[in-house]
Amino acid sequence: MVNKKKTFEQSLGELEEIVQRLESGDVPLEEALAEFKKGIELSQSCQKTLASAETTLTKMMTDDDKEVEFETEEMEK
C-alpha cells in the first residue's frame, strides 16, 4: 500500500474530528490517549505546513530573480 501524504485540509479535518470525539467524553481512556497522540502529530504537521507557507508568502522576487523579504505591516511592528 502506498503511503500518500495527506493535504493540509485533510489533516486539519481529521484533527477536528479527533477533537470532537475527545470532547464528547465517550472515548475509552486507551483510545483517547491514542487519539490524543495522533492529534498532536497532525497538529505539528499542520503547523509545519503553515510555517512553510508563511515563509514562501513573505518572499517576493525582484526583477533580477533575487528573493527578498516582503515587508508587511505586522513585520514592521
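Data block above holds the structure.
Source: prediction; values computed, not measured. (Residues numbered from 1 in each chain as written. Predicted model: local features only at pLDDT ≥ 70, side-chain atom pairs only at ≥ 80, totals over all residues. Heavy atoms only, no water.)

Take the overall build of the protein chain next. Of the regular secondary structure elements, the protein chain holds 3 helices and 2 strands. Shown N-terminal to C-terminal, the secondary structure of the protein chain runs as helices and strands in the order α-α-β-β-α. Carbon and sulfur atoms provide 54% of the accessible area of the protein chain, an area that totals close to 7000 Å². (Helix = DSSP H or I, 4+ residues; strand = E, 2+ residues; numbered from the N terminus. Areas by Shrake-Rupley, 256 points an atom, 1.4 Å probe, with all protein chains shown as cover.)

The next point concerns the side chain of glutamate 35. Note on placement: glutamate 35 falls in helix H2 (residues 29-57). Since its relative accessible area comes to 14%, glutamate 35 is described here as buried. Every residue in contact with glutamate 35, bar those within four places of it in the chain, is listed here: Ile18, Arg21 and Leu22. (Buried < 20%, exposed > 50% of the residue type's maximum accessible area, 1.4 Å probe, protein only. Contact = heavy atoms within 4.5 Å.)

In this section: the pattern of salt bridges. Pairing between side chains of opposite charge can happen when their charged atoms approach one another. Under the criterion given, the structure shown has 3 salt bridges. Among the ionic pairs, glutamate 14 bridges to lysine 6, the shortest N-O distance being 2.3 Å. Looking at glutamate 14, the relative accessible area reads 16%, which means it is buried. The salt bridge partner of lysine 38 is glutamate 14, with a shortest N-O separation of 2.6 Å. Note that lysine 38 is positioned in helix H2 and glutamate 14 in helix H1 (residues 8-24), a separation of 24 residues in sequence. Judged by relative accessible area, which is 35%, lysine 38 ranks as partly exposed. (Salt bridge = Lys/Arg side-chain N within 4 Å of Asp/Glu carboxyl O.)

Right, let's talk about H2 for a bit. With 29 residues, H2 should cover 42 Å at 1.5 Å per step; its first-to-last C-alpha distance of 41 Å lies within 8% of that length. Within the sequence span of H2, burial applies to Ala32, Glu35, Gly39, Leu42 and Cys46. Against H1 lie the buried residues of H2. (Expected span 1.5 Å × (residues − 1).)

Let's shift gears to H1. Given 3.6 residues per helical turn, the α-helix brings residues three or four places apart onto the same face. Along its 17 residues, H1 runs 25 Å from first to last C-alpha, staying within 8% of the 24 Å computed at 1.5 Å per residue. Within H1 the residues assigned to the buried category are Ser11, Glu14, Leu15 and Ile18. One side of H1 holds all its buried residues, which, seen down the axis, span an arc of 105 degrees. Relative to its buried face, H1 has exposed residues pointing more than 90 degrees away, namely Glu9, Gln20 and Glu23. (Arc of directions from axis to C-beta.)

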